[in-house]
Amino acid sequence: KPQQRRVRRHRRRVRQRRRRVRQHRRRVRQRRRQVRQRRRRVRRRVSPIPVPRRLKPVIPVKAVAKAAPKKQPKQPQAKRMVRPQLVKEMTPQPVQRAAPRQPVDLRPYGNSLYQAILRHKRYPPMAKRMEYEGLVVLLIRVSRHGRLMGKPRVIQSSGHLILDREAIRMVSAASPWPSMPSEFLKPSKTFQVPIRFQLN
């Protein structure tokens, strides 16, 4: 008997759930119908866009040819007397051309600059322990007055960051240098500085 009661209760619950599902489906159907009806009403209310009628082409009216006025004979005008103008005689003068500038030889200045940089050379102790060697090539820009313009740029690395940093430090420590020759008129000049690190 208790088992039969449980079965009956379970069946009642299942029936109630089915009823609820059916009621939910009916509500959904009703909502869909209402939405469809609203859409139809909106479509009916909106008036269609009037299509413009085709306009007839305007035919241009031909212009009536007017009678051309008669040309009157021109009366002879009195000729004006032109006075002759005196032309001054100009003597031809030779054109003076500027002499071409000869390029300034900055090789001695570059050698002195290179020697000044090598005076500040210090082999990093960590590089000595690890036995690092290599060649660093820097590109520097020097003003006419011998000042370093900007940071030196590494064109060719030695393969070791410690040696590259030491080369940059050498250039910064050696600046400023003596001014360039007075014949050099440009504001600045670029130099390539090779620095080799080699253990004896």
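Anything mentioned here points back to the structure above.
Summary of the structure given here. Values in this document were obtained by computation on a predicted structure and should not be read as measured data.

Rules behind the numbers
- Residues numbered from 1 in each chain as written.
- Predicted model: local features only at pLDDT ≥ 70, side-chain atom pairs only at ≥ 80, totals over all residues.
- Heavy atoms only, no water.
- 1 Å grid on protein atoms, 1.4 Å probe; cavity = no way out; pocket = protein on both sides within 12 Å on 5 of 7 lines; lining within 4 Å.
- Points joined across faces, edges and corners; volume = space filled by probe spheres on them.
- Nonpolar A, V, L, I, M, F, W, Y, C, P; charged D, E, K, R; others polar.
- Helix = DSSP H or I, 4+ residues; strand = E, 2+ residues; numbered from the N terminus.
- Expected span 1.5 Å × (residues − 1).
- Buried < 20%, exposed > 50% of the residue type's maximum accessible area, 1.4 Å probe, protein only.
- Contact = heavy atoms within 4.5 Å.
- Pairing = 2+ DSSP bridges.
- Axes fitted to C-alpha atoms, helices over the stretch in contact; angles between N-to-C directions.
- Salt bridge = Lys/Arg side-chain N within 4 Å of Asp/Glu carboxyl O.

Time to look at the layout of surface pockets. In this structure, the largest pocket occupies an estimated 240 Å³ of space. In terms of lining, the largest pocket is formed by 12 residues, of which the most central are Pro103, Val104, Phe184, Leu185 and Lys186. By residue class, the composition of the lining of the largest pocket is five nonpolar, two polar and five charged.

We now examine helix 4 (residues 161-174). Between its first and last C-alpha atoms helix 4 spans 20 Å; for 14 residues at 1.5 Å apiece the expected length is 20 Å, and the two agree. Along helix 4, the residues classified as buried are Leu163, Asp164, Glu166, Ala167, Ile168, Met170, Val171 and Ala174.

Tracing the backbone shows Glu166 in helix 4. Of the residues examined, Glu166 reaches a relative accessible area of 10% and is grouped as buried. Look past the residues within four positions of Glu166 in its chain and what remains in contact with it is His120, Arg122, Pro124 and Phe197.

For helix 1 (residues 2-45), spanning 44 residues, the distance from its first C-alpha to its last is 65 Å, which sits close to the expected 64 Å at 1.5 Å a residue. Burial analysis of helix 1 places just zero of its 44 residues in the buried class, which makes it a mostly uncovered element.

Mapped onto the secondary structure, Val193 falls in strand 3 (residues 188-197). Val193 gets classed as buried once you look at its relative accessible area, which sits at 2%. Along the backbone, Val193 and Val154 are 39 residues apart, and their C-alpha atoms lie at a distance of 9.7 Å.

Strand pairing in a sheet relies on backbone hydrogen bonds, with the paired strands running either antiparallel or parallel. In space, the three strands of this open sheet follow the order 2-1-3, with antiparallel pairing throughout. Sheet topology places strand 2 (153-156) and strand 3 at the edges, where each strand pairs with a single neighbour. Averaged over all pairs of adjacent strands, the angle between their axes in this sheet comes to 30°, without regard to strand direction. Sheet topology places strand 1 (residues 134-143) next to strand 3; 10 bridges connect them, and they run antiparallel.

Further remarks concern unusual backbone geometry. Look at the link from Ser175 to Pro176: it is a cis peptide, with omega at 0°. Summarising the element assignment, Pro176 is placed in the loop between helix 4 and strand 3. For Glu131, which is not glycine, the phi torsion reads 60° and is therefore positive. With respect to the secondary-structure elements, Glu131 resides in the loop between helix 3 (125-130) and strand 1.

On inspection of all chains with the given rule, the structure shows two salt bridges. Taking the shortest distance from any N to any O, the salt bridge between Arg107 and Asp105 comes out at 3.0 Å. Overall, Asp105 belongs to the partly exposed group, its relative accessible area being 43%. For the salt bridge of Glu166 with Arg169, the shortest nitrogen-to-oxygen distance reads 2.7 Å. Within this pair, Glu166 and its partner Arg169 are both found in helix 4, separated by three residues, close to a single helical turn. Residue classification places Arg169 among the partly exposed residues on the basis of a relative accessible area of 32%.

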